[in-house]
Amino acid sequence: VFLGNGPSGICLSYLLSGYIPYFKKDSLHPHPILQRKLEEAPDLSILDQDLEYLSEGLEGRSHSPVALLFDTLQRPDTDFGGTAESVLTWWHETNRAVPHLVLGRSAPGGAWHSIEGSMVTLSRGEWMGLPDLPFKDWLKQKRRGLRNNRATAEDIAQYYQHYVMKKGLQKNFRCGTVVTSVRKVSAEGISSHAQKDLQKNSDSLWNFNDKSMEVFQVDGFFKNVKGDKEPFSICAENVVLATGTYDSPTWLGVKGENLSYVHHQLSALEEAVKNNSIGIMSDPVLIVGAGLTAADAILFAHHCNIPVIHVFRRRVSDPGLIFNQLPKMMYPEYHKVHQMMKEQTAACAGPYECYISLPEHHVLSFGKDKKCIFQDKNGYQKVYKISMALVLTGSNPNLSFLPNNGTDLAMDSNHPVNPKRNPIDVDPFTYECTQEKGLYALGPLAGDNFVRFVQGGALAVASSLLKKANKNPP
């Protein structure tokens, strides 16, 4: 059972549906050592080879060796602007399929359906693609090109849905499901409620002969067409966590943050503009944060001529700031926001109207009168009257369905799971949780935050599950 039907879940479903990658004969990989290793066992699928051996010595923009391996097999020289073809060929071996279910709240594509459709992605369009169906090819069918090599969120959401249909994966997907609990139980102790559900699904997937073995019981509900909630209970030997991190926006934890004019999602600003509740003559909108969502909010407000006060904790020149890591040519709009942040501080007026930047400041409190108090690094305080506030400082995964909110699975079990600072502790070559055998974590939960790199995790999980299911060739 996989929890989450975003790119990670879709990619893993493809691999477990019997689609097996092999090294394409006569293809040449630009990495000579990897090429030599691939030539050593050309008739053995990548899933059946030693992933640690193949990925040794690879370098790139991910900390995961398997992520780098699968990425470079699919897009050999993409980081150097090259367009070399994938060195993989895919065979459909139905006898090697592993029965599975993919549970998701919305349509296949996960959080991509929640993002404003016209937003342009940070990653290049071809990096958003899934195995054996290049995103560019799909876009060409729609008679569309990529803007500046990048795609809109709406395109990507549609592509993921199309991928599931085109590859015949829809039978594995259950959309409109909400998981409320995942617990380890003995096969003997499975609830009678679950037993009934198992009989419905008795295609040999859920036949536990050994009553002493432990399995996972996954409980939740399914929203039917009428909107009613129908409970379900499923048991599985292995559960894959691929729920992403879009669930719970981070709060600052300051006084007044729960007031009605303080929001934690960009959509609130779009809604306010649509309703004409804010406009050119309004008091400024406060935007807190220095990531890409905050930048998107600034660009949106700027486009609508709405005044902005922008507050963030870091220095503008901080190398950890995402803007200092993006090539200017490829991201002109984010470069513009960075320029504004540098040149238009409250201390010195700059060329941009309707925008003030307050670097190295933090919010102390939000007042009922819509007056907001900030403090700078020297302890000096400023007060501004605002129309609404958007706190856009990241989001956290919602793992409330796991015992202790999944904290026991994290690298540091004293703190909650966080994709950047404290991901789930997994084996780098199987992505199985080190603290709980049979439980796997993929994507941002395991520290992989880009679509191009989550797929290596899916390769690692598929390789591990095929070994467990004994579906590996001799």
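The protein appears in an unreviewed UniProt entry as Oxidative stress-induced growth inhibitor 1 from Podargus strigoides. In UniProt, the protein has this text filed under Subcellular location (unreviewed entry): "Midbody". Check the Sequence similarities (unreviewed entry) section of the UniProt entry for the protein; it says "Belongs to the OKL38 family."

Novice: Just checking my understanding: could you explain the sheet that holds strand S14 (residues 285-288) for this structure?
Specialist: Strand pairing in a sheet takes place through backbone hydrogen bonds and is either antiparallel or parallel in direction. Read across the open sheet, the 5 strands follow the order S13-S20-S14-S15-S16; overall the sheet is parallel. Each end of this open sheet is capped by a strand with a single partner; those strands are strand S13 (262-263) and strand S16 (355-358). Where S14 meets strand S20 (residues 388-391), 4 bridges bridge the pair, whose relative direction is parallel. Looking at the pairing, Val 288 lines up with Val 391 of S20.

Novice: Just to check I follow, could you spell out the pattern of salt bridges for this structure?
Specialist: Side-chain pairs of opposite charge can arise where the charged atoms are in close proximity. In total, this model carries 11 salt bridges according to the counting rule given. Close ionic contact of Glu 436 with Lys 184 constitutes a salt bridge, the shortest N to O distance being 2.9 Å. Taken as a pair, Glu 436 in the loop between strand S21 (395-396) and strand S22 (439-441) and Lys 184 in strand S8 (residues 177-186) lie far apart in primary sequence, 252 residues in all. By relative accessible area, which is 26% here, Glu 436 ends up partly exposed. Across the salt bridge formed by Glu 360 and Lys 377, the nearest N and O atoms sit 3.7 Å from each other. In this pair, Glu 360 is assigned in the loop between S16 and strand S17 (361-366) and Lys 377 in the loop between strand S18 (371-376) and strand S19 (381-385), connecting sequence segments 17 residues apart. Classification of Glu 360 by relative accessible area gives partly exposed; the value is 24%. For Lys 377, a relative accessible area of 60% corresponds to the exposed category.

Rules used throughout
- Residues numbered from 1 in each chain as written.
- Predicted model: local features only at pLDDT ≥ 70, side-chain atom pairs only at ≥ 80, totals over all residues.
- Heavy atoms only, no water.
- UniProt positions renumbered as here; feature names shortened; annotations may be inferred.
- Pairing = 2+ DSSP bridges.
- Helix = DSSP H or I, 4+ residues; strand = E, 2+ residues; numbered from the N terminus.
- Salt bridge = Lys/Arg side-chain N within 4 Å of Asp/Glu carboxyl O.
- Buried < 20%, exposed > 50% of the residue type's maximum accessible area, 1.4 Å probe, protein only.

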